[in-house]
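# Fold and geometry: a report
Spelled out, the chains give:
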Amino acid sequence: MADQTHVLFVEDDDVIREATQLALERDGFAVTAMPDGLSGLESFRADRPDIALLDVMLPGLDGVSLCRRIRDESTVPVIMLSARADSIDVVLGLEAGADDYVTKPFDGAVLVARIRAVLRRFGHAGGDGRAEQGGAAGTGGVLTFGDLEVDTDGMEVRRAGRPVALTPTEMRLLLEFSSAPGTVLSRDKLLERVWDYGWGGDTRVVDVHVQRLRTKIGQDRIETVRGFGYKLKA
């Protein structure tokens, strides 16, 4: 398992859990599969996996609450799985700290592609794939925007001199904005650069992450340009 990417997969449906575990293992992942939220949390704390796949509807401790527990302890990437493309499910999962979501029923190849895309953003190899560089490349040094400082070498952020804790996805999003302050970046462009989507994606992922980022760096630091996207105020 040491040479493999370790996936924690929490799913209460026996058929989906077993079939998905086999599919992921065939693609080179090491998988720990759990049937409910409480056992999933215990497994996460014991094994510290590289990525977590969490079904939204779980017995005992639902997937959104499990995601919050994980995010309180770690920045490990999280993908939520939902049987519905319901806005509430999607937004609640993302607001809880998930990095992406996949709607069930899903194609195994699509799920693997999404897992590897997330892992590339976090600097992990995905299964038999290799880690790749992507997203915004810092120009080096510290970029300053009012009371906001972005250290692109140390990958640290400070606001009014105090450290700001960002998840890797939030950091990559901020790097995109800070590499082009004052420039409007469309949601599709951010999906491509930050989430590594080579196909059309759900722009709600961008909207929720921008809102989460705003709560940490200042609500007025990122401006919405209606009909076009977002920009960082220079």
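Residues numbered from 1 in each chain as written. Predicted model: local features only at pLDDT ≥ 70, side-chain atom pairs only at ≥ 80, totals over all residues. Heavy atoms only, no water.

### Regarding the overall build of the protein
Across its full length, the protein carries eight helices and 11 strands. Looking at the 234 residues of the protein, the share that counts as buried comes to 47%. Residue pairs in contact within the protein that sit at least 24 positions apart in sequence constitute 59% of those at least 6 positions apart. A total of about 10,800 Å² of accessible surface is found on the protein, and carbon and sulfur atoms cover 49% of it. (Helix = DSSP H or I, 4+ residues; strand = E, 2+ residues; numbered from the N terminus. Buried < 20%, exposed > 50% of the residue type's maximum accessible area, 1.4 Å probe, protein only. Contact = heavy atoms within 4.5 Å. Areas by Shrake-Rupley, 256 points an atom, 1.4 Å probe, with all protein chains shown as cover.)

### What about the sheet that holds strand S7 (residues 148-151)?
The strand order S6-S7-S8-S9 describes an open sheet built from four strands, whose pairing is antiparallel. The open sheet is flanked by strand S6 (142-145) and strand S9 (162-163), the only strands paired with a single partner. In this structure, strand S8 (residues 156-159) lies alongside S9, joined through two bridges in antiparallel fashion. When the bridges of S9 are listed, arginine 159 appears paired with arginine 162. Along the sheet, helix H6 (residues 168-179) contacts S6, S7 and S8; its crossing angle with S7, the most-contacted strand, is approximately 105 degrees. (Pairing = 2+ DSSP bridges. Axes fitted to C-alpha atoms, helices over the stretch in contact; angles between N-to-C directions.)

### Focus on the pattern of salt bridges
Considering all chains together, one arrives at 18 salt bridges under this definition. Put simply, arginine 212 and glutamate 170 hold a salt bridge, and the shortest N to O gap is 3.0 Å. One end of the pair, arginine 212, is in helix H8 (residues 204-217); the other, glutamate 170, is in helix H6, and 42 residues separate them in sequence. Here arginine 212 and glutamate 170 have matching classes, each one buried. For aspartate 207, the salt bridge is made with arginine 187, and the minimal N-O distance between the two is 2.7 Å. Linking aspartate 207 in helix H8 with arginine 187 in helix H7 (residues 187-194), this pair joins segments that are 20 residues apart in sequence. The exposure class assigned to aspartate 207 is partly exposed, which follows from its relative accessible area of 26%. By relative accessible area, arginine 187 is classed as partly exposed at 22%. (Salt bridge = Lys/Arg side-chain N within 4 Å of Asp/Glu carboxyl O.)

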